[in-house]
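# Geometric and topological summary
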Amino acid sequence: MSSNDLYKQYTDIIHKVVDIDYASAVLQWDQETYIPEKGAEFRAQQLSTLSGLAHDIYVAPELGTIMNELIKAKLSDRIQSRNVELSHKDYFREKKYSTDFVIEISNETSKAFHNWVKAREENNPSLFLPNLEKLVELKRREADFLGYEDHPYNALMDDYEPGAKVKEIDVLFTEVRNHLKEFIKRIAAKPAPKSDFLFFKYDKQKQWDFGIDILKQMGFDFTAGRQDISVHPFTTSFNPKDVRITTKVEENDFRSMTWSCIHEGGHALYEQGLSSEQYGLPCGEACSLGIHESQSRLWENVVGRSLNFWKANYSKLQNLFPENLSAVSLEDFYKSINAVKPSLIRIEADELTYHFHIMIRYELEKRMIEGSLKVTDVPDAWNEAYKNYLGVDVPTYRQGMLQDVHWSHGSFGYFPTYSLGSFFAVQFYNTAKKEVFDLEKNISEGNMKPLLDWLREKIHKHGRYYNPQELCEVVTGEKLNYRYFKQYAEEKYSNIYNIG
Ligand code: CO
């Protein structure tokens, strides 16, 4: 058989699998947005049937045989060859999961999630800790059968951020900690910007309209996607021409809708910018969670919390809410939305203290997985770390180790990608400023197209062709370097807080 025919067989199988996966994603999206109360019961069954179907097609020996032959044939097309290489790696990784293990972890995570919800409600970690202990044990087993060098946590991170290693993250986070601890101290010595006006009453419909307006300005294609409401904002994609985002609107916190719109909008632009030609194949998929997060945070923080962005949008906002904002200057508004304040809740944190929330979780996870921290000691270790790094006392477990859903899902190794994303974002943006003529002038006039075009060309279109560090090197000329975030933070916040 010619390698063309073989490649077609390979894509046919992959397409069948992803068609089912994306159909499941539609059902999941519906579950989070519009499903009527009674619909949930059979929906869970339908989703489980579809995922079993996709799994069976995927792991049948046929695909493995085809890919082995394709690798031997050495495809000349570089994208085809990379697709096969990555699918081959994914396939043999997937094959390491026994059916028993998949069932066991799925049962454990359902129980863990249920008990996490209860533990949170009752502010009682002991309702959840036995599940956490079991999940840590399962994850440890998973690391063992997946295989790793140096540290079992490497095997778990690799699922979210290919190539990420404890050794390197440790070095990076030490640098981050040393820098931010000092810098945040200097900020804390200065008076806090006034921000009460962010919490006045903001009409929900007007907020929604404003959000849609911002999304259009960013270049979100509403003929290839839509926005709806959900409890927790998220992005999901069924293909590059149908990308869904959700937001939530809070009447007494204007920040919630605006920046969740911009954040999810950033994720969505990445998904809309992936190659349709490579639909379902690795080169048509997002590079990694860290790179995905770099896109959302670039828009949310670097653009969406910049003075230039609000130069373009603040008068519009003032006109919508004159009762709250007519007496607030652009500069004061800008300062208020960038206030730095150590706090308890990760998802409400500012863009500097945020990284302590991540580093704390990373340290705890790593120690749980390596066995140097007993799960029963996690609640105390958590509170100690918050005191240590952020100087805050944790009054309830709900505001402490029970705040995030991740562990109950069995997602260990996920958190670091949030910080990596922020650092990638700034490094990418720094290059964009050099390469795009009048980038910031355009942003200050509400023209985001030059930035989006650059992101499309440099990042989005490649999918998984490069791994995250390679992509960073191709785009910026070097691997991830904290120096760029450090510079950005010092410049921006020295200005806001008047630090000499
Ligand atoms: Co995100």
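Residues numbered from 1 in each chain as written. Predicted model: local features only at pLDDT ≥ 70, side-chain atom pairs only at ≥ 80, totals over all residues. Heavy atoms only, no water.

## Remarks on the overall build of the protein chain
Basically, it comes down to this: Strands here are runs of E lasting at least two residues and helices are runs of H or I lasting at least four, both read from the DSSP assignment and numbered beginning at the N terminus. A radius of gyration in this sense is built from C-alpha atoms; the matching globule rule multiplies 2.2 Å by the number of residues raised to 0.38. Only protein chains enter the area calculation, which uses a 1.4 Å probe; residues under 20% of their type maximum are buried, those over 50% are exposed, and those in between are partly exposed. Residue contacts follow a heavy-atom distance rule, with two residues in contact if any of their heavy atoms lie within 4.5 Å. Accessible areas in this description were obtained via Shrake-Rupley with a 1.4 Å probe; residue shielding takes into account the shown protein chains only. Lys and Arg are tallied as positive, Asp and Glu as negative. Neither His nor the chain termini are counted. The location of each charge is read from NZ of Lys, CZ of Arg, CG of Asp or CD of Glu.
Across its full length, the protein chain carries 21 helices and 3 strands. Here the C-alpha radius of gyration of the protein chain, 23 Å, is about what a compact globule of 500 residues would show, namely 23 Å. Along the first, second and third principal axes, the C-alpha set of the protein chain runs to 70 × 50 × 50 Å. Sorting the 500 residues of the protein chain into buried and exposed places 54% on the buried side. For the protein chain, the share of sequence-separated contacts (at least 6 apart) that also reach a separation of at least 24 residues comes to 73%. By element, 49% of the accessible surface of the protein chain is carried by carbon and sulfur atoms, the whole surface being about 22,800 Å². Computing the positive centroid from 61 side-chain charges and the negative centroid from 74, the protein chain places the two 3 Å apart.

## Some points on the pattern of salt bridges
The line we're drawing: By convention in these notes, a salt bridge is any Lys or Arg side-chain nitrogen within 4 Å of a carboxyl oxygen on Asp or Glu.
The full count for this structure, using the stated rule, is 35 salt bridges. Note that R483 and E478 form a salt bridge whose closest N and O atoms lie 3.7 Å from each other. R483 sits in the partly exposed class, given a relative accessible area of 39%. Look at the salt bridges and you will find they share partners, linking E104, K134, E137 and R141 into a network.

## Description of the coordination of the cobalt ion
We count it as follows: Each metal's donors are the N, O and S atoms within 2.8 Å of it, or within 3.2 Å when it is Na, K or Ca, and because water is not part of the set, sites may look incomplete.
Donor atoms from the polypeptide that coordinate the cobalt ion comprise H263 (NE2), H267 (NE2) and E293 (OE), at 2.1 to 2.4 Å from the metal. Taken in sequence order, the residues that donate to the cobalt ion follow the motif H-x3-H-x25-E. Taken as a pair, H267 in helix α10 (residues 254-272) and E293 in helix α11 (residues 289-303) lie far apart in primary sequence, 26 residues in all. There is no split in this pair, since H267 and E293 are both buried.

## Some details on the packing of aromatic side chains
Heads up, the rule is: Here a Phe, Tyr or Trp ring, Trp counted by its six-membered ring, pairs with any other such ring whose centre lies within 6.5 Å, and the pair is stacked when the planes are under 30 degrees apart, edge-to-face when over 60, and tilted otherwise.
A complete count under the given rule lists 36 aromatic pairs for this structure. With a centroid separation of 5.1 Å and an interplanar angle of 85°, the aromatic rings of Y97 and F145 are classed as edge-to-face. With a gap of 48 residues between them, Y97 in the loop between α4 (78-94) and α5 (99-122) and F145 in helix α6 (residues 129-146) connect regions that are remote in the sequence. Aromatic side chains Y153 and Y362 sit 5.6 Å apart centroid to centroid with 70° between the ring planes, which places their arrangement in the edge-to-face category. Note that Y153 is positioned in helix α7 (residues 152-157) and Y362 in helix α15 (residues 354-370), a separation of 209 residues in sequence.

## Things to note about the nonpolar core
Formally: Nine residue types can take part in a nonpolar core, namely buried Ala, Val, Leu, Ile, Met, Phe, Trp, Tyr and Cys, and a core is a set of them joined through side-chain atoms within 4.5 Å. All the domain ranges listed were derived from an automatic or database domain assignment.
Counting residues in hydrophobic clusters, the biggest one holds 129 residues, and the most contacted among them are W299, W310, F333 and W407. Inspection of this core shows a minimum of three residues originating in each of domain 1 (3-148) and domain 2 (166-497). Excluding residues that lie within four positions of it along the chain, F333 makes contacts with F197, L198, F254, W259, W310, Y314, L317, L325 and V328. Of all hydrophobic cores here, the second largest spans 19 residues; its members include Y10, I14, V18 and V84.

## Here we look at the domain arrangement of the protein chain
Definition in use: What gets called buried area is simply the loss in accessible area from a 1.4 Å probe that two parts show on being joined, summed for both.
Along its sequence, the protein chain is organised into domain 1 (3-148) and domain 2 (166-497). The gap between the C-alpha centroids of domain 1 and domain 2 is 27 Å. On the side of domain 2, 39 residues touch domain 1, which itself brings 40 residues to the contact. For the pair domain 1 and domain 2, the summed buried surface comes to about 3,600 Å²; carbon and sulfur atoms form 65% of the total. Three residues stand out in domain 1 for area buried against domain 2, namely Y22, W29 and R120, and they jointly supply 17% of the buried area on that side.

## Quick look at the packing of α11 against helix α19 (residues 449-458)
The condition is simple: Throughout, an axis means a line fitted to C-alpha atoms (over the contacting stretch in the case of helices), and angles, computed between N-to-C directions, take values from 0 to 180 degrees. Orientation labels follow simple angle bins: below 35 degrees gives roughly parallel, above 145 gives roughly antiparallel, 65 to 115 gives roughly perpendicular, and whatever is left gives oblique. Each crossing is labelled by how the near helix is turned from the far one, with a counterclockwise turn of less than a right angle marking it left-handed and a clockwise turn marking it right-handed. Note that Gly is not counted as nonpolar here; it falls among the polar residues with everything else outside the nonpolar set of Ala, Val, Leu, Ile, Met, Phe, Trp, Tyr, Cys and Pro and the charged set of Asp, Glu, Lys and Arg.
For the pair α11 and α19, the least separation of the axes is 13 Å and the interaxial angle reads 155°. Compared by their axis directions, α11 and α19 come out roughly antiparallel. As for the relative orientation of α11 and α19, their crossing is right-handed in sense. Counted together, Q295, L298, W299 and V303 of α11 and L451, L452 and L455 of α19 form the full contact between these two elements. Here the residues of the contact of α11 with α19 are counted per class, giving 6 nonpolar, 1 polar and no charged.

## Description of the sheet that holds strand β3 (residues 242-247)
Threshold: Strands were regarded as paired on the criterion that DSSP finds at least two bridges between them.
What the 3 strands build is an open sheet, ordered β1-β3-β2; its pairing is mixed. Edge positions in the sheet fall to β1 (225-229) and β2 (235-239), since each has one partner strand and no second. The mean angle between the axes of side-by-side strands here comes to 20°, regardless of whether they run parallel or antiparallel. In the sheet, β1 pairs with β3 via 5 bridges, with the strands oriented parallel. Its bridge partner lying in β3, D228 is registered against T246. Where helix α1 (residues 3-33) meets the sheet, its contacts fall on β1, β2 and β3, and the angle it forms with β2 comes to roughly 145°. On top of the sheet, helix α9 (residues 204-218) reaches β1 and β3; it is set at about 155° to β1, its chief contact.

## Here's the deal with the side chain of E365
As for its position among the elements, E365 is in helix α15. Here E365 is buried and forms no salt bridge, its nearest opposite-charge partner R361 lying at an N-O distance of 7.5 Å. Discounting residues that sit within four places of it in the chain, E365 has contacts with Y153, W407, S411, F412, G413, Y414 and F415.

## Observations concerning the state of the cysteines
Formally: Our working definition of a disulfide is a cysteine sulfur pair at a distance within 2.5 Å.
Across all of its chains, the model carries 0 disulfides by this definition. The thiol of C287 is unpaired, and the distance to the nearest cysteine sulfur, on C472, comes to 10 Å. With relative accessibility at 5%, the residue C287 sits in the buried group.

## Here's the deal with the side chain of N115
Structurally, the position occupied by N115 is in helix α5. Those residues in contact with N115 that sit more than four places away from it in its chain are L127, F128 and N131.

## Quick look at a negative patch on the surface
Under the convention used in this document: Patch rule: a residue counts if its relative accessible area is over 30% and it has no salt bridge; like charges are joined within 9 Å, and nonpolar side chains (Val, Leu, Ile, Met, Phe, Trp, Tyr) within 5 Å.
Together, D203, D209, E251 and E323 make up a negatively charged patch on the protein surface. By the element assignment, D203 lies in the loop between α8 (166-188) and α9. The exposure class of D203 is partly exposed, given its relative accessible area of 35%.

## Regarding helix α20 (residues 468-476)
Rule in force here: Think of it as the arc spanned by the lines of direction from the helix axis to the C-beta atoms.
Along α20, the residues that are buried comprise P468, L471, C472, V475 and T476. An end-on view of α20 places all buried positions within 100° of arc, on one side of the element. Looking at the buried residues of α20, the elements they touch are α11, α17 (416-435) and α19. Once α20 finishes, G477 follows within two positions and takes phi at roughly 90°, a positive value.

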